[in-house]
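Below are the chains, spelled out letter by letter.
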Amino acid sequence: MLTVRAVRYFRDDEMGFETVVLADQDLAPEWQLEFQRSLDPDEQDVALGMDSYCVTLTNGACAYGCLSSALVEEGRLRVIFSENGAQRLGLESPKMELLLDLDADQVHEMVTGLQSVLGRDGNPPLLN
């Protein structure tokens, strides 16, 4: 099971995006999981289906609007991807469980960031 030891939520109004990055460490992470969204998608983004959040893995695989749910409980983040999303990301299973080795402030930053990035979708994934 992967362990999250670093989290960053970042919003850049000038560049027009917000992101939550989860990783195994702050500097030179071996793995990371990123949730990103454009703050003002244009017509081309809409036409290409890129007007939703995007999930990106360390290997560069990405998928838009691909989550069914994300649940934070008992020191874990449980993420369930749609079948199509899991395939696009190259995952063996649509379920991903991450152990959270974070303090309370970091967990709050992660949850607040995820609510912002994922919650703006027309059909947002369930986030608890």
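See above for the structure.
Every residue gets a number counted from 1 within its own chain, in the order that chain's sequence is written. In keeping with the model being predicted, local features are shown solely for residues with a pLDDT of at least 70 and side-chain atom pairs are shown and tallied solely at 80 or more, while totals for entire chains, interfaces and linings include all residues. Heavy atoms throughout the structure, all of them, feed into the side-chain values; hydrogens and water do not.

Draft legend 1. Focus on the overall build of the protein chain. A run of DSSP states H or I qualifies as a helix once it reaches four residues; a run of E qualifies as a strand once it reaches two. Both are numbered from the N-terminal end. Check the secondary structure of the protein chain and you find three helices and 10 strands. Expressed as a percentage of its 128 residues, the buried residues of the protein chain come to 38%. Only heavy atoms enter the contact rule, under which two residues are in contact if any of them lie within 4.5 Å. Contacts spanning at least 24 positions in sequence make up 42% of the contacts within the protein chain whose residues lie at least 6 apart. For the protein chain, the accessible area works out to roughly 7,300 Å², and carbon and sulfur atoms hold 48% of it. Categorising residues by exposure relies on relative accessible area from a 1.4 Å probe, with only protein chains included: less than 20% of the type maximum marks a residue as buried, more than 50% marks it as exposed, and the intermediate range marks it as partly exposed. Accessible areas in this description were obtained via Shrake-Rupley with a 1.4 Å probe; residue shielding takes into account the shown protein chains only.

Draft legend 2. Region of the structure containing the packing of aromatic side chains. Only Phe, Tyr and Trp rings take part, Trp by its six-membered ring, and two of them pair if their centres are within 6.5 Å. Stacked means planes under 30 degrees apart, edge-to-face means over 60, and tilted covers everything else. Under the counting rule described, the total for this entry stands at one aromatic pair. Measuring from ring centre to ring centre gives 5.9 Å for F10 and F17, while their planes differ by 50 degrees; the resulting arrangement is tilted.

Draft legend 3. Fine view of the side chain of T3. In this fold, T3 is placed in strand β1 (residues 2-4). Exposure remark for T3: the relative accessible area of 13% places this residue in the buried category. If sequence neighbours within four positions are ignored, T3 has contacts with A23, D24, W31, L99 and D101.

Draft legend 4. Region of the structure containing the pattern of salt bridges. When a carboxyl oxygen of Asp or Glu lies within 4 Å of a side-chain nitrogen of Lys or Arg, that pair is called a salt bridge. Inspection of every chain in the model, using the stated rule, returns seven salt bridges. Taking the shortest distance from any N to any O, the salt bridge between D26 and R8 comes out at 3.2 Å. With D26 in the loop between β3 (17-23) and β4 (32-38) and R8 in strand β2 (residues 6-12), this pair connects stretches of sequence that are 18 residues apart. Its salt-bridge partner being R78, residue E73 comes within 2.7 Å of it at the nearest N-O pair. A residue is classified by how much of its surface remains accessible, and R78, at 22% relative accessible area, is partly exposed. Each member of the salt-bridge network shares a partner with another, and the members are E73, R76, R78 and E97.

Draft legend 5. Structural context of unusual backbone geometry. With phi around 50 degrees, A28 is a residue other than glycine that occupies positive phi space. Within the secondary structure layout, A28 lies in the loop between β3 and β4. Its relative accessible area of 66% is what places A28 among the exposed residues. At E74, a position not held by glycine, the phi torsion is positive, near 50 degrees. Structurally, E74 is set in the loop between β7 (67-73) and β8 (76-81).

Draft legend 6. Inspection of the sheet that holds β4 at higher detail. Pairing between strands is defined by DSSP: at least two bridges between them are needed. The antiparallel open sheet is built from five strands, whose spatial order is β2-β3-β4-β5-β6. If you trace the sheet from one side to the other, it starts and ends with β2 and β6 (62-64), each paired once. Strand-to-strand twist of the sheet, defined as the mean angle between neighbouring strand axes without regard to direction, takes the value 15 degrees. Helix axes use the C-alpha atoms of the stretch in contact, all axes being lines fitted to C-alpha atoms, and the angles between their N-to-C directions lie in the range 0 to 180 degrees.

Draft legend 7. The state of the cysteines, seen in detail. Note on disulfides: each one is a pair of cysteine sulfur atoms within 2.5 Å. Across all of its chains, the model carries zero disulfides by this definition. Residue C54 stays outside any disulfide, its sulfur separated by 4.1 Å from that of C62, the closest cysteine. The exposure class assigned to C54 is buried, which follows from its relative accessible area of 7%. In this structure C62 comes out as partly exposed when scored by relative accessible area, which is 36%.

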